[in-house]
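Topology and contacts: notes
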Amino acid sequence: MGLRDADRLAEQLKTNPGATTVYMRSGAHMLPDTPAHNIIGELKGTEFPDQYITVGGHLDSWDPAEGAQDDGAGCVQSIEVLRALKAIGYKPRHTIRVVLFANEENGGRGGRKYAEAAKDAGEKHLLGLESDNGGFTPRAFTLSLSEDKLAAIQPWISLLKPYGVYELEHGGGGSDVNPMARQLNATVGELRPDSQRYFEYHHARNDVLENVNKRELEMGAVNMAALIYLVDKYGL
Ligand SMILES: [Zn+2]
């Protein structure tokens with residue numbers, strides 16, 4: 001059952017109200033909690049090793065399929081950011097951290113725990129970037145910046161555009177990085193790819209690897225790497 005089924009049902013009820021009967025049986029139930037872990041990898045900063053830029057997606061997914069778009073795509077893109085920067089021999093000024101979050105779909109405890117632990121450790125976070133909108137052609141990044149600060153980085157668009165992103169707009173991050181804004185006062189943001197096809201796969205049986213386009217996925221990852229490079233080099 002997904003949005004398309006709901007649409008079809010709503011349509012039926014409208015056009016054929018008397019003749020539409022729905023029978024639903026659900027086997028859904030809550031199981032007891034079990035331990036899960038955020039998985040973290042990092043490239044140590046050379047100038048400010050104790051200041052962090054994080055990029056991440058979430059590891060868990062809904063049962064019916066692999067969760068390739070939601071959110072395998074975001075996990076792979078986040079890992080690719082670190083791999084790409086390492087491959088070109090880039091030595092970041094700040095520590096760049098990839099965080100693969102646990103438990104996004106079932107309450108977001110991975111994201112909350114990360115921010116909590118970072119706060120306890122007294123870590124300073126410059127940016128928490130997230131990719132959790134599918135691995136589609138990149139269009140924009142949202143960032144929780146003031147109007148002035150957002151205006152100041154608009155020239156970056158010309159550097160991001162070759163890989164798809166043509167907008168840096170005001171907005172929050174996703175549910176895994178938003179706790180960093182609250183707990184750590186970090187700027188948060190997310191990749192906003194083309195959203196037209198996301199809900200054809202989101203939480204559905206066909207959210208499998210075959211339905212992720214390699215080229216579109218890579219374009220998003222390269223945009224994320226470019227943004228993180230710029231933030232590392234010039235700040236926000
Ligand atoms: Zn997700």
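So, a few notes on the structure that sits alongside this text. (Residues numbered from 1 in each chain as written. Predicted model: local features only at pLDDT ≥ 70, side-chain atom pairs only at ≥ 80, totals over all residues. Heavy atoms only, no water.)

Turning to the packing of aromatic side chains, a few remarks are in order. Under the definition given, this model contains five aromatic pairs. Between Phe136 and Tyr201, the aromatic rings sit 6.3 Å apart at their centres with planes inclined by 20°, giving stacked as the arrangement. Taken together, the positions of Phe136 in the loop between β4 (124-130) and β5 (138-143) and Tyr201 in the loop between β7 (187-193) and α7 (214-234) put the pair 65 residues apart, joining distant regions of the chain. Overall, Phe136 belongs to the buried group, its relative accessible area being 1%. On the accessibility criterion, Tyr201 (12% relative accessible area) is buried. Here the aromatic cluster, defined as three or more aromatic residues joined through ring pairs, consists of Phe136, Tyr198, Phe199 and Tyr201. (Phe/Tyr/Trp six-rings, centres within 6.5 Å; stacked < 30°, edge-to-face > 60°. Helix = DSSP H or I, 4+ residues; strand = E, 2+ residues; numbered from the N terminus. Buried < 20%, exposed > 50% of the residue type's maximum accessible area, 1.4 Å probe, protein only.)

Glancing now at the coordination of the zinc ion. Summarising the metal site, the zinc ion is bound by the protein donors His58 (NE2), Asp70 (OD), Asp132 (OD) and Asp132 (OD), whose distances to it range over 1.8 to 2.7 Å. In this structure, the zinc ion is surrounded by four donor atoms whose angles at the metal cover 52 to 147°, and the resulting shape is irregular. Judged by its relative accessible area of 1%, His58 falls in the buried class. With relative accessibility at 11%, the residue Asp132 sits in the buried group. (Donors = N, O, S within 2.8 Å, 3.2 Å for Na, K, Ca; no water. Tetrahedral: all angles 85-135°; square planar, octahedral: opposite > 155°, others 65-115°.)

Another aspect to go through is the layout of surface pockets. There is about 1,300 Å³ of room inside the largest pocket. Ser61, Trp62, Asp63, Pro64 and Glu105 are, among the 37 residues lining the largest pocket, the residues nearest its centre. Listed by contribution, the elements that provide at least two residues to the lining of the largest pocket are α1 (3-15) and α3 (109-120). Residue classes in the lining of the largest pocket are distributed as 14 nonpolar, 13 polar and ten charged. (1 Å grid on protein atoms, 1.4 Å probe; cavity = no way out; pocket = protein on both sides within 12 Å on 5 of 7 lines; lining within 4 Å. Points joined across faces, edges and corners; volume = space filled by probe spheres on them. Nonpolar A, V, L, I, M, F, W, Y, C, P; charged D, E, K, R; others polar.)

With that out of the way, let us pick up the sheet that holds strand β2 (residues 48-58). Strand order across the open sheet formed by seven strands is β1-β3-β2-β4-β7-β5-β6, with mixed pairing between neighbours. Each of the sheet's edge strands pairs with one partner strand only, and the pair in question is β1 (39-43) and β6 (167-170). Averaged over all pairs of adjacent strands, the angle between strand axes in this sheet comes to 20°, irrespective of strand direction. Sheet topology note: the β2/β4 ladder contains six bridges and is parallel. (Pairing = 2+ DSSP bridges. Axes fitted to C-alpha atoms, helices over the stretch in contact; angles between N-to-C directions.)

Attention now goes to the packing of helix α2 (residues 68-87) against α7. The contact between α2 and α7 brings their axes to 8 Å, and the two run at 50°. In terms of orientation, α2 lies oblique with respect to α7. Regarding α2 and α7, the two cross each other, and that crossing is right-handed. Where α2 abuts α7, its residues Ala73, Val76, Gln77, Ser78, Glu80, Val81 and Leu85 lie against Leu217, Gly220, Ala221, Met224, Ala225, Ile228 and Tyr229. Of the residues in the contact of α2 with α7, the class split is ten nonpolar, three polar and one charged. (Parallel < 35°, antiparallel > 145°, perpendicular 65-115°, else oblique. Left-handed = near helix turned anticlockwise from the far one by under 90°. Contact = heavy atoms within 4.5 Å.)

Turning next to unusual backbone geometry. Here the residue pair Asp70 and Asp71 is connected by a cis peptide bond, since its omega of 5° sits within 30 degrees of zero. Residue placement: Asp71 occurs in helix α2. We note that Asn103 has phi near 60°; this positive angle belongs to a residue other than glycine. Relative to the assigned elements, Asn103 resides in the loop between β3 (94-101) and α3. Unusually for a residue other than glycine, Asn185 sits at a positive phi of about 60°.

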